[in-house]
Every structure is written in C-alpha cells, then in structure tokens.
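In case you want the letters, here they are:
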Amino acid sequence: KEFAEIGVPAEPAVYHPDFAEQVYEQLLKVDGVLVWVNPIQDGHDRTVLDATLRKVADAGIYVSTHPDIILKMGTKEVLYQTRHMGWGSDIHLYKSWDQMRSELSAKLANGEARVLKQNRGHSGIGVWKIQALEPRKGPLTGSTSVKVRHAERGSIEEVTTLDAFFERCRGYFSGAGQMLDQEYQKRLPEGTIRCYLVHDKVAGFGHQKINALYPAPEGGVPGDAPQPGPRLYYPPDLEDFQKLKAKLENIWLPELQELLGIPRERLPALWDADFFYGAKNSQGEDTYVLCEMNVSSVAPYPDSATPILARAATAAAKHTRAKRLVVN
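Residues numbered from 1 in each chain as written. Predicted model: local features only at pLDDT ≥ 70, side-chain atom pairs only at ≥ 80, totals over all residues. Heavy atoms only, no water.

Enquirer: Please clarify how the overall build of the chain should be interpreted in this entry.
Expert: Counting its regular elements, the chain contains nine helices and 15 strands. Relative to the 2.2 N^0.38 estimate, which gives 20 Å for 328 residues, the radius of gyration of the chain is 21 Å and therefore close to what a compact globule would have. Dimensions of the chain along its principal axes, counting C-alpha atoms only, are 70 × 45 × 35 Å. Taking all 328 residues of the chain together, the buried fraction comes to 47%. For the chain, the share of sequence-separated contacts (at least 6 apart) that also reach a separation of at least 24 residues comes to 64%. When the accessible surface of the chain is split by element, carbon and sulfur atoms take 51% of a total near 16100 Å². Of the side-chain charges in the chain, 39 are positive and 42 negative, and the distance between the mean point of each set is 2 Å. (Helix = DSSP H or I, 4+ residues; strand = E, 2+ residues; numbered from the N terminus. Rg over C-alpha atoms; globule rule 2.2 N^0.38 Å. Buried < 20%, exposed > 50% of the residue type's maximum accessible area, 1.4 Å probe, protein only. Contact = heavy atoms within 4.5 Å. Areas by Shrake-Rupley, 256 points an atom, 1.4 Å probe, with all protein chains shown as cover. Lys, Arg positive; Asp, Glu negative; His and termini not counted. Charge placed at Lys NZ, Arg CZ, Asp CG, Glu CD.)

Put into structure tokens, the structure is as follows:
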C-alpha cells in the first residue's frame, strides 16, 4: 500500500531453496529487493539464498539486507565486538565447544546467572539461561547440578548437570558456529525495548513487558514463570524512549558504523536493536544494554515505520539503478 501511494509498483517473491533459480530470474527484473528470511527456517539456512542475493546485487540491483551486512551486524558476535561501547556488558565469545567447556564453569562459580546465545538464530532458539544452584569456591565440575532454561517459547526451567548441558550445546558449534556468553540482566522483568530503524534513524519502538527468560514469581516453581507476552508498538516520538533514541542515533550507531566499516547507504533498510534496562547510573538515570540486533527478517514492526521504509527503499533503489545505467 505505501509503495503504491508513492507510485512505486511492488510484487512479492516467495522463496525456497528448491526454486532459487526461478526467484533469481524474477529479482533480476526489478530495481530493488527487500528480504524477509530468517537465518534458519524449516531446517534450511540461508546459504543458497545469500549466494543468490549476492548475484542479484552484483547485477546492480539494490538488495537489503545484503548478506555481507548480515554477517557484520546480524550475528550475536556483534555483542562481543561492541562490548566496549556504551551499550556493552560483561560478554565472552566461545569459538569452540572445548573453549566453552574450559571457561564457562569458572564464570558460574559465583552463583550468578549467565545467558548463552548461539551466533545465528531467531525466536529464542539456541538461547539459554544457566545458573549454579548455589555459589561455589571454585569452578563447577561436569557433575555439578545447574538450572537451565531455553528461551524458545514454551520452555521452562529445569535442573541438569553441567556436562549434560554442554552436550545440548554441541550442535551450536557445527561448521563456523560459536556462542556468546552474556551476564544475565537483573532488570529483565522490567521489559525489553526494541528500536526499529530505517537506515540510521529510529522509525518506531516495540516494548515487551513479559519476555523470554522472565523469572517465576518469588516463592513459585519454574512452571509458574510466565511465557512471553505481546510486544506493543509505538511511533518514534514516544517520550519514554527519547533518551535511548538519542544515544542510539547520535552516539552508538556512528560508533558501530565506524567499527564495522558500514557507510549509511549500506545499513539495512529495516532493522532493529533490542535493549535491556541496565543498572541505573549515579544520577539515578536508566542505562541500556544491547541484547541483540535483527537484520534478516524484521517483522512485524510499527505502522509508523512503513511509510518511512517505503520512501527510503525507493530512494535507495533509484540511486542503485542510476549507477547501474551509468556503468552499462
């Protein structure tokens, strides 16, 4: 609808690896492509799709999000790379299963919870909260009992051994897989804030009060922990989140672009950044901790973002088309 209102024809392109070549031929006939495909969906990853999109982009067609930008922004590793920034937290990167086995046990000894995240995923898959039953004087052993909870919807906390948990995580290291280890944010029960961006400007917000890994009520049993609730959407001028918006647009995003080498025109046409509330500072003001970025398949999103996205994507497609015509 929003594309039609500005006089731009738009058409859907349904994708599956089995007919990737037909999709490729369809995409060669347009000036711009906006992509909504999860990193892992129905047993398929994006290997074939990303190769297809690279060929489309090489033909001079605007593609967002480009696979190369996804590799820079759309993995959990970006949390580790930006840990020194104002949105950073206590984060470690495990590049192998053996490294995780070697290092995680000491980090759990203080009895504080950690959250482990596979490098690429969605919907809470491969995200685990883990905590020792009680503090210990030294590293945990493989037979030590730990509390774990998967962030995928419908999961509840359970008790298992550290070795058994490690075995569950082995598959996350397949190929070039790795895992992030982030300190559990104690203000998680206050909700998460999702900032939706079109290139480098916030185009709306989402606030989810009850989110994945929300704890059970005090004195309750693990099954009493509520499942994730709805995310409520707001326009970019919502007063409650203006301080976060200003920090993201004016400080953190320029730092991220410089660190990762991403100019404005290469930023995703639509992406989001999720934040927890961090510890309040000495003035009693909220701080914010980055939870993740989503750049592969951002949906749903606030209504306020749709016209902004349509105009921005159209401008980018026209610019790319003009360059293609000059070359040809």
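Enquirer: Could you clarify how one ought to interpret unusual backbone geometry in this entry?
Expert: Across the chain, the bulk of peptide bonds are trans and the bulk of non-glycine residues have phi less than zero. S64 connects to T65 through a cis peptide bond whose omega is 5°. Relative to the elements of secondary structure, T65 occurs in the loop between β4 (62-64) and α4 (67-73). Going from A299 to P300, the amide bond is cis rather than trans, its omega being -5°. Looking at the secondary structure, you find P300 in the loop between β15 (287-294) and α9 (305-327). The phi angle at D42 is positive, at roughly 55°, despite the residue not being glycine. Positionally, D42 belongs in the loop between β2 (40-41) and β3 (44-45). For H199, which is not glycine, the phi torsion reads 55° and is therefore positive. With respect to the helices, strands and loops of the structure, H199 is situated in the loop between β11 (192-198) and β12 (201-208).

Enquirer: Help me out: how do you make sense of the packing of aromatic side chains in this one?
Expert: To describe a pair of aromatic rings, one takes the distance between the centres and the angle between the planes. Applying the stated rule across the entire model yields eight aromatic pairs. Considering the side-chain rings of Y196 and Y233, the 6.1 Å spacing of their centres and the 50° angle between planes classify their relative orientation as tilted. You can see Y196 sitting in strand β11 and its partner Y233 sitting in strand β13 (residues 232-234), a full 37 residues away along the chain. A relative accessible area of 32% means that Y233 is categorised as partly exposed. Site record: aromatic cluster; members linked through ring pairs are W87, W252 and F275. The ring of Y24 carries the charged tip of K55 above its face, separated from the ring centre by 4.3 Å. We note K129 situated over the ring of Y184; from NZ or CZ to the ring centre the distance is 4.1 Å. (Phe/Tyr/Trp six-rings, centres within 6.5 Å; stacked < 30°, edge-to-face > 60°. Lys NZ or Arg CZ within 6 Å of the ring centre and 35° of its normal.)

Enquirer: Is there a simple way to explain the sheet that holds strand β9 (residues 158-161) in this structure?
Expert: The strands that make up a sheet are held in pairs by hydrogen bonds between backbone atoms, and each pair lies either parallel or antiparallel. Taking strand neighbours across the sheet as the criterion, the six strands line up as β5-β10-β6-β7-β8-β9 in an open arrangement whose pairing is antiparallel. Strands with a single pairing partner mark the edges of an open sheet, and in this sheet they are β5 (91-94) and β9. If you compare each strand with its neighbour and ignore which way they point, the axes differ by 30° on average. Inspection of the sheet shows strand β7 (residues 127-132) paired to strand β8 (residues 145-150) by five bridges, in the antiparallel sense. Residue pairing for β8: W128 is matched across the bridge by H150. Its contacts with the sheet place helix α7 (residues 162-169) against β6 (114-118), β7, β8, β9 and β10 (179-183), and it is angled at close to 95° to β9. (Pairing = 2+ DSSP bridges. Axes fitted to C-alpha atoms, helices over the stretch in contact; angles between N-to-C directions.)

Enquirer: Teacher, can you tell me more about the nonpolar core here?
Expert: When a protein is soluble and globular, its nonpolar side chains tend to lie buried together. One finds M73, W87, F275 and M293 to be the most contacted residues of the largest nonpolar core, which totals 32 residues. In terms of residue count, helix α8 (residues 242-260) provides more of this core than any other element does, six residues in total. Discounting residues that sit within four places of it in the chain, W87 has contacts with T82, L248, W252, L256, F275, Y288, V289, L290 and M293. If you look at the next biggest cluster of nonpolar residues, it comprises 20 residues, including A109, L116, F165 and F173. (Core = buried A, V, L, I, M, F, W, Y, C linked by side-chain atoms within 4.5 Å.)

Enquirer: What am I meant to see in the packing of helix α6 (residues 97-107) against α7 here?
Expert: Pairs of packed helices are described in terms of their axes, by the angle between the two and the distance that separates them. Remark: α6 packs on α7, axes separated minimally by 11 Å, with the N-to-C direction vectors making an angle of 150°. Note on packing geometry: the crossing formed by α6 with α7 is right-handed. On α7, the residues that touch W97, M100, R101, L104 and S105 of α6 are L162, D163, F166, E167 and C169. Partitioning the contact of α6 with α7 into residue classes produces six nonpolar, one polar and three charged. (Left-handed = near helix turned anticlockwise from the far one by under 90°. Nonpolar A, V, L, I, M, F, W, Y, C, P; charged D, E, K, R; others polar.)

Enquirer: Even after reading the chapter, I still don't get the environment of G32, so can you show me in this structure?
Expert: Relative to the elements of secondary structure, G32 occurs in strand β1 (residues 32-34). Along the backbone, G32 and P226 are 194 residues apart, and their C-alpha atoms lie at a distance of 42 Å. In contact with G32, not counting residues within four places along its chain, are I61, Y62 and A317.

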